[in-house]
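Structural characterization, general
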Amino acid sequence: MTAPDAAARAALGAPSGATSRPEPPAEPLPVVLAGARGHGRWHLANIRRLQEDGLVRLAGICELTPLTEDEFGGGRPGGRPPEQSADFGALLESTGARIAVVCTPIHTHTDLALAAAGRGVHLLLEKPPAPSYAEYRRMADGVAAAGVACQIGFQSLGSHAVPAIRALVADGAIGRPTGIGAAGAWVRPEDYFRRAPWAGRRRLDGVDVIDGALTNPLAHAVATALALAGSTRAEDATGIETELLRANDIESDDTSCVRVTTAQGLPVTVAATLCAERADEPYVLVHGTSGRITFWYKQDRVLVQRAGHGPEELRFGRTDLLENLVDHLVTGAPLLVTPDGTGAFMKVVEAIRRAPDPAPLPAGAWHHVPGENRRVVPGVDGLVAAAADTLSLYSELGASWALPAPQDVPESVRQSEEPSAPHPPKEVSTR
């Protein structure tokens, strides 16, 4: 058995589903949850799970309107009611919180993170960490200056598959890596874009929000692809091309793709839609000269296909990010997703923010699904898969509704030119 083959066997032989649990602290760490509705319900349930294990205690919930008994889902965690308040700072102080979990609208992340950091409270900050690179930098610098720990909530980066795939690639299991593709084909009803004032918006009351397929619901595809490319820091993203489109009557994109050129020259292409014909599991695809690795990141499932071998599949375990944060505070274990480790992702967010507003698809390019109150772009499922497979943008795949891609120009040149009208849906950003 060759050395790369042995490494592949070792990675593929990792125990599926097994995770090491941190030692409980002497006293459970008090946690305040900011944003307990919507996706915050998942965090509430997760805090309860860790409370049962003696790791944390739900000390407070910050919501504009207090949770009802029904919203607690039957009984209060730990038998004592957490304090509730709309004043985040006051709640942190009155509860003596050690950790704040922030799951609030995107454009509030930075200010809430800095409010916690200024009080010495450690953070689990939901993705995306901020709506712009400037706000991200303000958050990351403020957190670092305060000396608190901050974990960014890209849960897929807690998967044990991520280091296993990196090891396979480093040991030559699929030959020389040639690129990373990612595909996300999801469905969302029109009500999804009306669930909150900021949903489907690029800006709200003059403030950046930058909601969109690539920056919010399928942001994990972007972050995971960059992680598998070994390109997570801001300086790792040297060029970014975007194609932003929308079938829905919204400001933000719902059918988009992005291609990142990394410092080592490896292309990373991510294609996403919220207007698929059928919902499918999103995945990241690592291409090599003699094989490829597919990672379904929500399932922690990996498929290795390489020359001279049959396909090999395995499910991996996952480390919960709040659990990892507790472990970091108690034992000094390294954090899995630091702010600096999301810099390249934030460069993508910034490129999307600075791009022209998403182009509306022509009426003939989409249709309503009877009885489901959603819009579908026929054929987009195949285009999303083809983009990940070929590392191409929609316009390069011949999509009838994607405008021809303009010639790439450096951002410094592009910024010195007067904007043209109408804008194409593609923008190029280079460092």
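Rules of the game
Residues numbered from 1 in each chain as written. Predicted model: local features only at pLDDT ≥ 70, side-chain atom pairs only at ≥ 80, totals over all residues. Heavy atoms only, no water. Buried < 20%, exposed > 50% of the residue type's maximum accessible area, 1.4 Å probe, protein only. Helix = DSSP H or I, 4+ residues; strand = E, 2+ residues; numbered from the N terminus. Arc of directions from axis to C-beta. Contact = heavy atoms within 4.5 Å. Axes fitted to C-alpha atoms, helices over the stretch in contact; angles between N-to-C directions. Parallel < 35°, antiparallel > 145°, perpendicular 65-115°, else oblique. Left-handed = near helix turned anticlockwise from the far one by under 90°. Expected span 1.5 Å × (residues − 1). Pairing = 2+ DSSP bridges.

Attention now goes to helix α5 (residues 109-117). Turning to α5, its buried residues number three or more, namely His 109, Thr 110, Leu 112, Ala 113, Ala 116 and Ala 117. All buried residues of α5 lie within an arc of 170 degrees about the axis, which places them on one face of the element. Buried residues along α5 sit against α4 (88-95), β4 (99-102), β5 (122-125) and α6 (133-146).

Our next topic: the packing of helix α8 (residues 219-228) against helix α10 (residues 343-354). Packing of α8 against α10 leaves a shortest axis separation of 9 Å and a crossing angle of 130 degrees. What the angle tells us is that α8 and α10 run oblique. By crossing handedness, the relation of α8 to α10 is classed as right-handed. Two secondary-structure elements touch here, α8 through Ala 219, Val 222, Ala 223 and Leu 226 and α10 through Ala 344, Phe 345 and Val 348.

Moving on, we get to helix α2 (residues 40-52). Within an α-helix, residues lying three or four positions from one another point in the same direction, as the helix has 3.6 residues per turn. The terminal C-alpha atoms of α2, which comprises 13 residues, lie 19 Å apart, in line with the 18 Å expected from a rise of 1.5 Å per residue. Taken together, the buried positions of α2 are Gly 40, His 43, Leu 44, Asn 46, Ile 47, Leu 50 and Gln 51. Around the axis of α2, the buried residues are gathered within 165 degrees of arc, so they sit on the same side. Relative to its buried face, α2 has exposed residues pointing more than 90 degrees away, namely Arg 41 and Glu 52. At its buried positions, α2 is contacted by β1 (29-34), β2 (56-62), α3 (69-72), β4, β5 and α9 (321-331). Positive backbone phi, at 80 degrees, marks Gly 54, one or two positions downstream of α2.

We now examine the sheet that holds β2. Read from one edge of the open sheet, six strands run β3-β2-β1-β4-β5-β6, paired in parallel fashion. What marks the edges here is a single partner per strand, and that holds for β3 (83-85) and β6 (150-152). Taking the axes of each pair of neighbouring strands and ignoring which way they run, one obtains an average angle of 20 degrees across the sheet. With four bridges joining them, β1 and β4 adopt parallel strand pairing. By the bridge assignment for β4, Ala 34 is matched with Val 102.

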